[in-house]
Amino acid sequence: MTTFSLDPGPDQIAVRDWLHGFAADVIRPAAAEWDEREETPWPIIQEAAKLGIYSLDFYAQQFFDPSGVGIPIAMEELFWGDAGIGLAITGTTLAAVAVLANGTDEQIGTWAPQMFGTPEDVKVAAFCSSEPDAGSDVSALRTRAVYDEAKDEWVLNGTKTWATNGGIAHVHVVVATVDPELGSRGQASFVVPPGTKGLSQGQKFKKHGIRASHTAEVVLDGVRVPGHCLLGGKEKLDARLARAREGAKGGGRNAAMATFEASRPAVGAQAIGIARAAYEVALDYARTRVQFGKPIIENQGVAFQLADMKTRIDAARLLVWRASWMAVNNQPFTSAEGSMSKLYAGETAKFVTAQAMQILGGNGYTREYPVERMHRDSAIYTVFEGTSEIQRLVIARAISGAPIR
Ligand SMILES: Cc1cc2nc3c(=O)[nH]c(=O)nc-3n(C[C@H](O)[C@H](O)[C@H](O)COP(=O)(O)OP(=O)(O)OC[C@H]3O[C@@H](n4cnc5c(N)ncnc54)[C@H](O)[C@@H]3O)c2cc1C
């Protein structure tokens, strides 16, 4: 186990500076354009791929960096550039984490590289858990997976919604229920390989923020995938279902939850990137904007707002780094530390971007300045990957042991 340190080593600092350069030179200047276009910024993903910023190797290196801060540092810098483009570049990692968290070594080796494609032919991947009637309540999933023993194939039917990269992905990871009577314990994750018949994109959503990131429904109509596309394999699933049917405790982790647990600190780091970006714009503005004959920062009322913003950003980062270090070093989240980090970072991004708009006055409300976009982008961070209320539920259950609803 690596000791937790607040002092990133030379490797992490080099990665941070490299990504910051890309975020400042490539992402930030393109942010307003892609926000208006509401399209996936393929040229920027391609550029990231050419530099090695969009690749399985890069994320695997950061993910397994024993310091635990590799992923948080990478996410914070990219999302400091812009959250919509940041998510277009990193959305694939959620599907990759689903394979990593639930798949066998062979499945990881087969599917994870295909999710990213190559620098010459970049691809994206999608993780499809949410459904119209199953958002926070993952146990209510209706998408069914039925095993066709004669052909050793799984048949998937259902409609997924709000899937990042849904329908434009090369590889989709779909969470489906194998035994509806078992609720979330009867679910499993499946890889849907490129070009599989029966999978199509439904409605593409027009969103409030992170508009450069594609969000859409995914329709599964008699989708047949080979038996080896069941993540973790059939033997493991059968054993898990048998334990759940016997009512045994610890009947295995829920497939969607396993993905979210691993990804929450990373999502918190994205929120910190947005918050830091808005804070920096507001600090600069407060130093230079003169009213009543002095820079507005010389008013305690404004300076204290900035003090609170910075304090909350740093506190959020400490929670995210701790949770990420714990996850990488296999420390159990006994007090739901992953949820704590995502809850606080998400709420911080909303708070800080709202304060930043206030400090910029009328300018903050226009698209001439980036804080208006950052404020819109921040709003998703109290919703996806578990809403703030759901994070509180997870933390409350973990610290109390009580069946809080
Ligand atoms: C832009 C975007 C991208 C997304 N990307 C993905 C993706 O890639 N893959 C994927 O699978 N999903 C994705 N999602 C879905 C996202 O995870 C869900 O929207 C989220 O989990 C909330 O579900 P819901 O929208 O159905 O809200 P609901 O569950 O209907 O909740 C509505 C409100 O009720 C509250 N609430 C619900 N239950 C409780 C409770 N027990 N106690 C207290 N409050 C409660 C919630 O906190 C919320 O405020 C995405 C969503 C968006 C908007």
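Position numbers for residues start from 1 in each chain and track the written sequence from start to end. A pLDDT threshold of at least 70 governs which residues receive local features in this predicted model, and a stricter bar of 80 or more applies before side-chain atom pairs are shown or counted, although totals over entire chains, interfaces and linings include all residues.

**Overview of the overall build of the protein**
Thought 1: Comment: elements are numbered from the N terminus, with helices defined as DSSP H or I runs of at least four residues and strands as E runs of at least two. Of regular secondary structure, the protein possesses 14 helices and 11 strands.
Thought 2: Radius of gyration (C-alpha) of the protein: 21 Å, near the 22 Å computed for a compact globule of 405 residues.
Thought 3: Dimensions of the protein, computed from C-alpha atoms along their principal axes, come out at roughly 80 × 50 × 40 Å.
Thought 4: By residue count, 50% of the 405 residues in the protein fall in the buried class.
Thought 5: Across the protein, contacts joining residues at least 24 apart in sequence account for 74% of those joining residues at least 6 apart. Here the radius of gyration uses the C-alpha set of atoms, whereas the globule reference equals 2.2 Å times the residue count to the power 0.38. Around each residue's C-beta, the other C-beta atoms within 10 Å are counted; 20 or more make the residue buried, 12 or fewer make it exposed, and counts in between make it partly exposed. All C-beta atoms are placed from the backbone. Two residues qualify as a contact pair if the distance between their C-beta atoms, derived from the backbone, is within 7 Å.

**Some thoughts on the pairing of strand 4 (residues 144-148)**
For a regular strand, side-chain orientation follows a simple rule: the groups alternate between the two sheet faces.
Thought 1: Here, a strand pair is defined by DSSP locating no fewer than two bridges between the strands. As judged from the 5 bridges shared by strand 4 and strand 5 (residues 153-164), these two strands associate in the antiparallel manner. The partner of D148 across the bridge, within strand 5, is E153.
Thought 2: Connecting strand 4 to the next strand, strand 5, in antiparallel fashion are 4 residues, including D152 with a positive phi near 50 degrees.

**Focus: the site of the ligand**
Thought 1: In the region of the ligand, 21 residues are neighbours, and S129, G135, S136, T387 and E389 sit closest.
Thought 2: When its residues are assigned to classes, the shell around the ligand shows 11 nonpolar, 7 polar and 3 charged.
Thought 3: A domain assignment, automatic or from a database, supplies the domain bounds used here. When residues of the shell around the ligand are assigned to domains, at least three fall in each of domain 2 (125-245) and domain 3 (255-400). We call a residue near a molecule or strand when its C-beta atom, built from the backbone, sits within 6 Å of it. Think of it as three bins: nonpolar holds Ala, Val, Leu, Ile, Met, Phe, Trp, Tyr, Cys and Pro, charged holds Asp, Glu, Lys and Arg, and polar takes everything else, Gly as well.

**Here's the deal with the nonpolar core**
Thought 1: Among the nonpolar cores identified, the biggest contains 117 residues, and A95, V99, F190, V191, A278, A282 and A356 are the most heavily contacted of them.
Thought 2: In terms of residue count, the dominant contributor to this core is helix 9 (residues 255-288) (14 residues).
Thought 3: Among residues more than four places away in sequence, those in contact with V99 are Q107, I108, W111, A112, V173, V191 and L231. What makes a nonpolar core is a set of buried Ala, Val, Leu, Ile, Met, Phe, Trp, Tyr and Cys residues, with links drawn between C-beta atoms within 7 Å.

**A word on the UniProt feature "domain: Acyl-CoA dehydrogenase/oxidase N-terminal" (unreviewed entry) in the protein**
Thought 1: UniProt records the feature "domain: Acyl-CoA dehydrogenase/oxidase N-terminal" (unreviewed entry) at residues 10-115, using the numbering of this structure.
Thought 2: Helix makes up 83% of residues 10-115 and strand 0%, with an end-to-end C-alpha separation of 30 Å. UniProt positions are given in the numbering used here, feature names are shortened, and annotations may be inferred rather than shown by experiment.

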